[in-house]
Amino acid sequence: MPKDGSINRSRILDAAQRLVIENGFAATSVDQVIREAGTSKGAFFHHFDSKLDLGRALTERYVAADIGQLHWAMEATAEVTDPAERAVAFVRCFEDAADEIMSAQSSCLYIAVLTERQLVSNGTADLITHAIETWRADIAALIRAAADERGLDLDADALADHVFVTFEGAFLLSRSTGKPEHMRAQLRVLRRMLAASLGVED
């Protein structure tokens, strides 16, 4: 069981994430976070030196969860021996989990962080860059291995970017229309396009 301190810290981060995603970082005050978390100012400043420190901690946690999803799918497909089939299976992992992904996330914290000049200038946004580069590199490695195995002339980096952009675009489409089913539908289209590009029967 975690100690009360870690529970309180998580409660503050949970409250801050909801408020920042809904209202933006600049429009979210420390007092609002404290009220939303049901905690005290003393408890807040025990865990965070400032609002900017909170923003960094919030981003660090979100990035860790994001990269964790990537690692989950990489591990889930590790036993697929054909590289092309593994690349397709990687996308299928998220397609199959699309409903759970959409119900777990109200929106993307990355947008809220990247539009705040303070968080960009103090290096917090660099955490997001690291996450995006990790996703792109791992997806490109899957595609490159598949192309090499099958002798295909593909731009692995560009195709990996397309995969990543489809993930993010599907999330935006789902949230903007209020129809979470778009995520599964777009990942299904992506999987079929990737399978066709890599010569995988789907």
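All values reported here derive from a predicted model rather than from experimental measurement. (Residues numbered from 1 in each chain as written. Predicted model: local features only at pLDDT ≥ 70, side-chain atom pairs only at ≥ 80, totals over all residues. Heavy atoms only, no water.)

> Would you mind going over the side chain of Ser-174 with me for this structure?
Here Ser-174 lies in helix α10 (residues 156–177). A polar contact is formed between the side chain of Ser-174 and the backbone nitrogen of Met-183, at a distance of 3.2 Å. If we ignore the near neighbours within four places in the chain, the residues touching Ser-174 are Met-102, Lys-179, Pro-180, His-182 and Met-183. (Helix = DSSP H or I, 4+ residues; strand = E, 2+ residues; numbered from the N terminus. Polar contact = N/O pair within 3.5 Å; in protein donor to acceptor, adjacent residues only side chain to side chain. Contact = heavy atoms within 4.5 Å.)

> For this particular structure, what's the right way to read the pattern of salt bridges?
Pairing between side chains of opposite charge can happen when their charged atoms approach one another. What the rule picks out here adds up to ten salt bridges. Of the charged contacts in the structure, one is a salt bridge between Arg-56 and Glu-60, with a shortest N-O distance of 3.4 Å. Here Arg-56 and its partner Glu-60 are both found in helix α4 (residues 51–76), four residues apart, which amounts to about one turn of the helix. Note on Glu-60: relative accessible area 38%, which makes it partly exposed. The partner of Arg-144 in a salt bridge is Asp-157, with the nearest N and O atoms 2.8 Å apart. Residue Arg-144 is located in helix α9 (residues 124–150), and its partner Asp-157 is located in helix α10; the two are separated by 13 residues in the primary sequence. A single network of salt bridges, built from pairs that share partners, joins Glu-95, Arg-188 and Arg-191. (Salt bridge = Lys/Arg side-chain N within 4 Å of Asp/Glu carboxyl O. Buried < 20%, exposed > 50% of the residue type's maximum accessible area, 1.4 Å probe, protein only.)

> Can you walk me through the domain arrangement of the chain in this structure?
How big an interface is tends to be stated in terms of accessible area lost as the parts join. Domain assignment breaks the chain into domain 1 (1–48) and domain 2 (56–198). The C-alpha-based centres of domain 1 and domain 2 are spaced at 28 Å. Opposite the twelve residues of domain 1 that make contact, domain 2 presents twelve residues. When the area that domain 1 buries against domain 2 is broken down by residue, the three leading residues are Gln-17, Ile-21 and Phe-25, summing to 55%. (Domains from an automatic or database assignment. Buried area = accessible area lost by both parts, 1.4 Å probe.)

> Any chance you could explain the side chain of Thr-77 here in plain terms?
Looking at the element boundaries, Thr-77 is found in the loop between α4 and α5 (83–96). Since its relative accessible area comes to 2%, Thr-77 is described here as buried. Here the side chain of Thr-77 touches Arg-86 through a polar contact of 3.1 Å, side chain to side chain.

> For this particular structure, what's the right way to read the packing of aromatic side chains?
Here a ring pair, both rings aromatic, is described through the centre-centre distance and the interplanar angle of the planes. In the structure shown here, the tally under the stated rule is nine aromatic pairs. Plain terms: the ring middles of Phe-44 and Phe-48 are 5.5 Å apart, the flat faces sit at 45° to each other, and that makes the pair tilted. As far as the burial class goes, Phe-44 and Phe-48 line up, both buried. (Phe/Tyr/Trp six-rings, centres within 6.5 Å; stacked < 30°, edge-to-face > 60°.)

> Would you mind showing me how to read the packing of α10 against helix α11 (residues 181–198) here?
The description of two packed helices rests on the angle between their axes and on the distance between the axes. Look at α10 against α11: their axes get within 8 Å of each other, and the N-to-C directions meet at 160°. In terms of orientation, α10 and α11 fall into the roughly antiparallel class. The handedness of the crossing between α10 and α11 is right-handed. Note on element contacts: α11 touches α10 through His-182, Met-183, Gln-186, Leu-187, Leu-190, Met-193 and Leu-194, opposite Leu-159, His-162, Val-163, Thr-166, Phe-167, Ala-170, Phe-171, Leu-173, Ser-174 and Thr-177. Considered class by class, the residues forming the contact of α10 with α11 number eleven nonpolar, six polar and no charged. (Axes fitted to C-alpha atoms, helices over the stretch in contact; angles between N-to-C directions. Parallel < 35°, antiparallel > 145°, perpendicular 65-115°, else oblique. Left-handed = near helix turned anticlockwise from the far one by under 90°. Nonpolar A, V, L, I, M, F, W, Y, C, P; charged D, E, K, R; others polar.)

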